[in-house]
Amino acid sequence: MQAVNRVKIEVAGSRYTISTTEEPGYVEELAKELDAQLTKLLGKNESLSINDALILCSLQFLADGRQTEKTADRLRQQFSGYMEEIKRAKEDIEARQKENDQLRGEILQLRLKLQQIKTDKEGKTKA
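About the criteria used
Residues numbered from 1 in each chain as written. Predicted model: local features only at pLDDT ≥ 70, side-chain atom pairs only at ≥ 80, totals over all residues. Heavy atoms only, no water. Salt bridge = Lys/Arg side-chain N within 4 Å of Asp/Glu carboxyl O. Helix = DSSP H or I, 4+ residues; strand = E, 2+ residues; numbered from the N terminus. Buried < 20%, exposed > 50% of the residue type's maximum accessible area, 1.4 Å probe, protein only. Core = buried A, V, L, I, M, F, W, Y, C linked by side-chain atoms within 4.5 Å. Contact = heavy atoms within 4.5 Å.

Asker: Explain the pattern of salt bridges residue by residue, including any values.
Answerer: Taken as a whole and judged by the stated rule, the model has 3 salt bridges. A salt bridge links aspartate 73 to arginine 76; its shortest N-O distance comes to 2.5 Å. Of this pair, aspartate 73 and arginine 76 both sit in helix α2 (residues 50–126), separated by 3 residues, roughly a single helical turn. Classification of arginine 76 as exposed rests on a relative accessible area of 52%. A salt bridge links arginine 96 to aspartate 92, with the shortest nitrogen-to-oxygen separation between them at 3.1 Å. A residue pair is termed a helical-turn pair when its members lie 3 or 4 positions apart in one helix, as arginine 96 and aspartate 92 do in helix α2 at 4 residues.

Asker: Give a detailed account of the nonpolar core, specifying residues and quantitative values.
Answerer: Core analysis: the largest hydrophobic core is formed by 8 residues, namely Val7, Ile9, Val11, Val27, Ala31, Leu38, Ala53 and Cys57. Taken together, the elements giving at least two residues each to this core come down to β1 (5–11), α1 (24–44) and α2. Residues in contact with valine 27, not counting those within four places in the same chain, are Val7, Ile9, Ile18, Thr20 and Glu22.

Following this line, the structure appears as structure tokens:
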């Protein structure tokens, strides 16, 4: 069981203690990012309430998360396609190696036959 960390953060001037299994540094980093986004948003539009800014930040984070999921899905599909191509290429290589081995065997047999023919021909010429 993972240990529960109690992490103190500050967002938009309010302090919170978060209980989480995540690393404290990670949670603090998230809080800093949220605080920076809120500060930026509130700086652009001073008439926004903190709640409105939090809602807008939440919507943006959700949209970013969904876009990231779509990108990850697309990358997984591409990866899967690449793996199939690799599988087919390996099968093709194996088939060509087998064919190559067979052709090398045939070449060896033909060379032996040729050598035998030359030997027989030399034997007939000497006789």
